[in-house]
Amino acid sequence: MNEIEQTGLATMRDCWITGGTSFDLAPAAWKDIAAGANPDERERRLLAIAAQALEIALRPAAPKTLKRRPPLPELALPMLPERLRPILRAALKHAADARAKSRVVALVASRGFVLHPMDWMPAASDQTSPDVYAPWIDWQAGVDGEKHTDREQLTAQNWDDFYPAARRSALSDLRRTAPAVARELIETKGSSEPAEIRLTLIALMHFGLGPDDVPFLKSLSADRSGKVRELAGRLLARLGQHGQPGDGGPENPTAELAAFITEGKSGFIRRRTTYSPAKLKSPAQERRRAELFETCNLVDLAARFGVTEPDFIGAWQFGADNNVDILVARMVAASGSDASVTHMADTLVAEGGKPALFVLHLMPRLDSRRQRVLIRLILKDTQYLGALSLAEGIEAGWLDWADLTNGETLPALRAAVAGNDDAVKRGADQLLEALGFLVTAAAAEKLIGDVVAAGMAPSAPSLGLLRLNASLSGP
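Computed from a prediction, not measured in an experiment: that's the story for all the values here.

1. As for the domain arrangement of the protein chain
It is common to give the size of an interface as the accessible area lost on bringing the parts into contact.
And step 1. In terms of domains, the protein chain is made up of domain 1 (3-57), domain 2 (82-141), domain 3 (159-239) and domain 4 (253-366).
And step 2. Using only C-alpha atoms to locate each centre, domain 2 and domain 4 end up separated by 37 Å.

2. Looking at the packing of helix α4 (residues 85-94) against helix α23 (residues 464-471)
And step 1. Contact geometry of α4 with α23 gives a least axis separation of 8 Å together with a crossing angle of 150 degrees. In terms of orientation, α4 lies roughly antiparallel with respect to α23. Here α4 runs over α23; the crossing is left-handed. Between α4 and α23, the contacting residues are I87, L88 and A91 on the first element and G464, L465, R467, L468 and S471 on the second.
And step 2. A per-class count over the contact of α4 with α23 returns 5 nonpolar, 2 polar and 1 charged.

3. Notes on the side chain of S337
And step 1. For S337, the position within the fold is in the loop between α16 (322-335) and α17 (338-351).
And step 2. The exposure class of S337 is buried, given its relative accessible area of 15%.
And step 3. Engagement of the side chain of S337 in a polar contact is seen with the side chain of S340, the distance being 2.9 Å.
And step 4. Excluding residues that lie within four positions of it along the chain, S337 makes contacts with R238, E309 and R365.

4. Some points on the pattern of salt bridges
And step 1. Tallied over the entire structure, the rule returns 20 salt bridges.
And step 2. The partner of R13 in a salt bridge is D14, with the nearest N and O atoms 3.6 Å apart.
And step 3. In this structure R13 comes out as partly exposed when scored by relative accessible area, which is 46%.
And step 4. On the basis of relative accessible area, D14 is assigned to the partly exposed category, the value being 40%.

Conventions we followed
- Residues numbered from 1 in each chain as written.
- Predicted model: local features only at pLDDT ≥ 70, side-chain atom pairs only at ≥ 80, totals over all residues.
- Heavy atoms only, no water.
- Domains from an automatic or database assignment.
- Axes fitted to C-alpha atoms, helices over the stretch in contact; angles between N-to-C directions.
- Helix = DSSP H or I, 4+ residues; strand = E, 2+ residues; numbered from the N terminus.
- Parallel < 35°, antiparallel > 145°, perpendicular 65-115°, else oblique.
- Left-handed = near helix turned anticlockwise from the far one by under 90°.
- Contact = heavy atoms within 4.5 Å.
- Nonpolar A, V, L, I, M, F, W, Y, C, P; charged D, E, K, R; others polar.
- Buried < 20%, exposed > 50% of the residue type's maximum accessible area, 1.4 Å probe, protein only.
- Polar contact = N/O pair within 3.5 Å; in protein donor to acceptor, adjacent residues only side chain to side chain.
- Salt bridge = Lys/Arg side-chain N within 4 Å of Asp/Glu carboxyl O.

Spelled out as structure tokens, the structure:
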């Protein structure tokens, strides 16, 4: 239907709206169809024709940019049972941000299920979801066709047949089982990828990082991306490789950072070296020190003071400046050797109290046993319960009921629920959400009963993740 016909149809519609007849306004072809009937029947016939025209001829055409998408890929795990989807949606609705929602997703995946796409979908840029969602991430990114099957092993020959998220997932698995093979793939195929992709591929080398990776990582010092060069330098630092000359001048960043640190002595008989934050004169100096901690490596800084990494960590005076302590912990997490990271974690956990909380910044580098030790330590000391929400890289669903009853956590929760302090109640809500991710299904069920008995409404939104957790205990 052309524009003139559309205008004529609009005029006929206006006539009908005002109670008039439209036979004289109709197109000639329409008149031929309606002419043999009485006036009322003519109008009904014209109305029928117009309705068909509006339904068929005037239907908006699809834009030329519209693309037909392939079907959503089927994932390796079964979909969450239909009866649990309302509980899941309630937990997702109460999750405050993407990080909280990712915990819901991770908990469900840990119990062997994936979410329904109408309840949640990963974004195309998502790099934190469980690996099982890689096909959906690639689908969101708009990749076309079906080239890859999950049963194929990634090789140089089929590299281009893997979509980005599926390739990352395959490479991370390969890096854990055959690190040299994965490194050769990254070396031979990664160089032709854009800088952003190269960065994600190089980051996967933290799995199984070892001395054999040194030559390739050193070759990245000539990479055209500054971020890739920086990441390679940090991975080399984890292997004890110096990134900057130890005898650099004042323009050397490590030398500049060392100038912001005070070296001292403690003890009356056995004089022990100590390191602590220097007192600075301006906020600009504090900002500069923070920048240097984020870019310098632990091995270079320790060498600047003529000591080993563990010696530098052991001599650092935690507690002198909370902000600088956090910067030190982050630098150790980013560039410290595995031995230095575990040494610092064990030392701070043994000390307990507030210093132990700095271990939260080391979490992604710690094994599961040390992570669990820290979580249990935090649960014993109710003063720092709020720190639980800061923990990253923790496994879901392992904290037992005995862990909750072995300390003051439950009494503190009951008191907060039964009290009238809104701020304390909000803190209890946040703790329940964190525990909803960490506890076992049996512990989740007991915890719900415990806080409800203390006065919390059974339908409280903060119990959403606990309810989902408890419901995932069986078929």
